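Spelled out, the chains give:
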Amino acid sequence: MEFELEIPKKQFKDHLEIPNNQRIIFSGAFGTGKTYFLDKFFKNQIKYEAIHIYPVNYSVASNEDIFELIKYDVLFKLLEKGLDFEQVEIDKRTFLPFFLNNHATEIIPFLLGVIPKVGASLKDIANGLIELNKKFEKEFKEANLTEHDKIIAYLKEFSGKKGSILEEDLYTQLICSLVNQIQEKGKEIVLIIDDLDRIDPEHIFRIMNVLAAHVDIKKDSDQNKFDFDKIILVCDIENIRKIFSNRYGADVDFSGYIDKFYSRSIFHYDLSGEMTKSVNKLFHTVVLDYGNKKMSLGEVRKDVAGAIIKQILHSFIQYDLISIRVLKRIFSGTQSLKERYVWREGKYDAISNNDIELVKAVDFLIFLFQDYKLFVEKCKVLINRDIEILDSVSNHFFINQIVKAGNVKNYWSNNKERPKEVGQELQFEIQIDSFNLRYTISTEFDSYSLKDRYIYRVNSISDSIGQEIKIDDINFFLLLVGLLEKTDFKSLLNLKFDSV
């Protein structure tokens, strides 16, 4: 499943190229493909070299400093680049303590021990470690050992500052030197810290505070930590806002805190526009299996359940209420919508999801989200929104289906009472939330099932004080939420979710 990325790519390119835009917050909701987009954007870039790390994957003990692990992860990513270690320059005051106190042969084993914590690949960095060790051994032999006492004293002072925002240890200087080497090749080097809002709050603010403190220290410079040209923090800024409020209190100024972490403005990543453009093409890839027939969502016309599914998904996409991860569950093959009984009374009266098509449609949709309440909350967002109704259906069509689903207890008795003579009209009523809906029932032959289909048609809707409302003016999601929350419709649904 691919979406057109040219427009968001151009938007992000323009944002990156804003003068002096060294620190960027790249914000987007969970599951909207932020990582996928960034990988695509920076792949084969002539101008930029990206170092992409994922702290959420670290094995972090409670007493470990996540920023130290970030440092090692960045170093490992740089070791994969095949850089020239003869060009690495390290300050002797920093270099010697490591060797005098730990011996050269213990530096590399220490780095090897960090690999499992950051998920690095030994295969990818093996050559870099070998070259790094040769460099260390050579520098060690050339070092002035006569200053042993002074160096050991410095080491003790330094060791007490591990994790300090002022740290300039061996690994920091190694990173800076390797970063500078890439810059000398004419590329801007970018550090991407992904999934920031998916890690422990303690670690989130540790990372952000170190980066902000570095900026405060370098007040006369736009220099980033580790000399990166740009640092991109990837998250949903609203999640960070909520985490900040929970930690520091709702009265603490979030804007005053967060504005240190971006140079110009937050970049809001939104793929919903491109998804909406592609939706009809994508719907042709979704095949619904009804047991006795198969049909793609792109082909539905008179198929009621398919039309409902298609319209609700389209509305969710229109307002960015469905993630790419959820869409992948849909656009990955055939989806089953086979018949099952939803209600039975006595020996003969039974209703299936073929009779109440909205049951079949909602079963399918809550299966995708794996959470009934989540599905209802997303429907609530669309109440009173401007919904784009697809060509093959109408607002009236959905309200008719809601009425039919809301009167299950009277389904058979109403159908038996339906008019027997042409032109005769018998009216029924149903209450959904604060709305009173009056409707009639007629019969139509269904060529698929070779049976009569009962057609429910709403004639009028009035509110709690009896004021009539135009059918075309009412938002069908308002009635759908009322059906889902204020009636026993939920008892008809299949809420046993299989893992996806």
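Residues numbered from 1 in each chain as written. Predicted model: local features only at pLDDT ≥ 70, side-chain atom pairs only at ≥ 80, totals over all residues. Heavy atoms only, no water.

Asks: Please provide a residue-by-residue account of the overall build of the protein chain, values included.
Replies: Across its full length, the protein chain holds 19 helices and 14 strands. Out of the 500 residues in the protein chain, the part that is buried amounts to 51%. (Helix = DSSP H or I, 4+ residues; strand = E, 2+ residues; numbered from the N terminus. Buried < 20%, exposed > 50% of the residue type's maximum accessible area, 1.4 Å probe, protein only.)

Asks: Hey, could you go over the pairing of strand E1 (residues 23-27) for me, with residue numbers and the actual values?
Replies: Of all the five residues making up E1, five are buried; the element is thus mostly covered by neighbouring parts of the structure. Neither face of E1 is left uncovered, since the one carrying Arg23, Ile25 and Ser27 and the one carrying Ile24 and Phe26 both have all their residues buried. Across five bridges, E1 lies against strand E4 (residues 230-235) in parallel orientation. Note on E4: the bridge partner recorded for Phe26 is Val234. Pairing of E1 with strand E5 (residues 267-268), which is carried by two bridges, proceeds in the parallel orientation. For Ser27, the partnering residue across the bridge sits in E5 and is His268. (Pairing = 2+ DSSP bridges.)

Asks: Can you break down empty space enclosed by the protein residue by residue, with the values?
Replies: If a probe the size of a water molecule is rolled over the atoms, the empty space left behind becomes visible. Under the defined criterion, the tally for this structure stands at three cavities of 30 Å³ or more. Quantified by volume, the largest cavity comes out at close to 50 Å³. If you trace the largest cavity, you find it lined by Arg23, Ile24, Leu211, Asn224, Ile231, Leu233 and Phe261. Looking at the lining of the largest cavity, the elements that each hand over two or more residues are E1 and E4. Quantified by volume, the second largest cavity comes out at close to 40 Å³. (1 Å grid on protein atoms, 1.4 Å probe; cavity = no way out; pocket = protein on both sides within 12 Å on 5 of 7 lines; lining within 4 Å. Points joined across faces, edges and corners; volume = space filled by probe spheres on them.)

Asks: Describe in detail the nonpolar core, supporting the description with residues and values.
Replies: Counting residues in hydrophobic clusters, the biggest one holds 65 residues, and the most contacted among them are Phe316, Phe375 and Phe489. Per-element accounting of this core gives the leading share, nine residues, to helix H15 (residues 357-369). Look past the residues within four positions of Phe316 in its chain and what remains in contact with it is Leu321, Ile322, Phe369, Phe375, Lys378, Cys379, Leu382 and Phe477. One finds Ile25, Ile175, Leu178 and Tyr262 within the second-largest nonpolar core, a separate group that totals 48 residues. (Core = buried A, V, L, I, M, F, W, Y, C linked by side-chain atoms within 4.5 Å. Contact = heavy atoms within 4.5 Å.)

Asks: Tell me about the pairing of strand E13 (residues 451-462), residues and numbers included.
Replies: In terms of strand pairing, E13 meets strand E14 (residues 468-469) through two bridges, oriented antiparallel. Bridge pairing links Ser462 to Glu468 in E14.

Asks: Lay out the side chain of His396 in plain terms, naming residues and giving numbers.
Replies: The residue His396 is located in helix H17 (residues 395-406) in this model. Relative accessible area serves as the criterion here: at 15%, His396 is assigned to the buried category. A polar contact of 2.9 Å, which involves the side chain of His396, links it to the backbone oxygen of Val458. With near-sequence residues (within four places) excluded, His396 lies in contact with Arg457, Val458 and Ile471. (Polar contact = N/O pair within 3.5 Å; in protein donor to acceptor, adjacent residues only side chain to side chain.)

Asks: I'd like a description of the packing of aromatic side chains, backed by residues and values.
Replies: Here the structure, examined in full by the defined rule, presents 31 aromatic pairs. Between Phe12 and Phe41 the ring centres are 5.0 Å apart and the planes differ by 70 degrees, which places this aromatic pair in the edge-to-face class. Separated by 29 residues along the polypeptide, Phe12 in helix H1 (residues 6-16) and Phe41 in helix H2 (residues 34-42) bring together distant segments of the chain. This pair shows no difference in class: Phe12 is buried, exactly as Phe41 is. Through a chain of ring-to-ring contacts, the aromatic side chains of Phe12, Phe26, Phe37, Phe41, Phe42, Tyr48, Phe267 and Tyr269 assemble into a single cluster. The side chain of Lys225 reaches across the aromatic face of Phe226, ending 5.6 Å from its centre. (Phe/Tyr/Trp six-rings, centres within 6.5 Å; stacked < 30°, edge-to-face > 60°. Lys NZ or Arg CZ within 6 Å of the ring centre and 35° of its normal.)

Asks: Quick rundown of the side chain of Glu357? Include the residues and the values.
Replies: Along the chain, Glu357 falls in helix H15. According to the relative accessible area criterion, Glu357 is buried, its value standing at 6%. For Glu357, the residues in contact, after removing those within four places along its chain, are Val304, Ala305, Gln401, Lys404 and Arg453.

Asks: Summarise unusual backbone geometry; cite the residues concerned and give the values.
Replies: Notably, Asp227 is not glycine yet its phi reads approximately 70 degrees, a positive angle. Looking at the secondary structure, you find Asp227 in the loop between helix H9 (201-217) and E4.

Asks: Residues and numbers for the sheet that holds strand E2 (residues 48-53), please.
Replies: Pairing in this open sheet of five strands is parallel, and the strands run E2-E3-E4-E1-E5 from one edge to the other. Every interior strand has two partners, whereas the edge strands, E2 and E5, have only one. The pairing of strand E3 (residues 188-193) with E4 spans four bridges and is parallel. Looking across to E4, one finds that Ile192 is bridged to Ile232. Running at roughly 135 degrees to E2, helix H3 (residues 66-79) makes contact with E2 and E3 of the sheet. (Axes fitted to C-alpha atoms, helices over the stretch in contact; angles between N-to-C directions.)

Asks: Any details on the packing of helix H13 (residues 304-318) against H17? Residues and values, ideally.
Replies: In contact at an axis separation of 11 Å, H13 and H17 are set at 115 degrees when each is read in the N-to-C sense. In the packing of H13 onto H17, the handedness of the crossing is left-handed. The segment H13 lies against H17, with Val304, Ala307, Ile308 and Gln311 engaging Phe397, Phe398 and Gln401. Counted by class, the contact of H13 with H17 contains five nonpolar, two polar and no charged residues. (Left-handed = near helix turned anticlockwise from the far one by under 90°. Nonpolar A, V, L, I, M, F, W, Y, C, P; charged D, E, K, R; others polar.)

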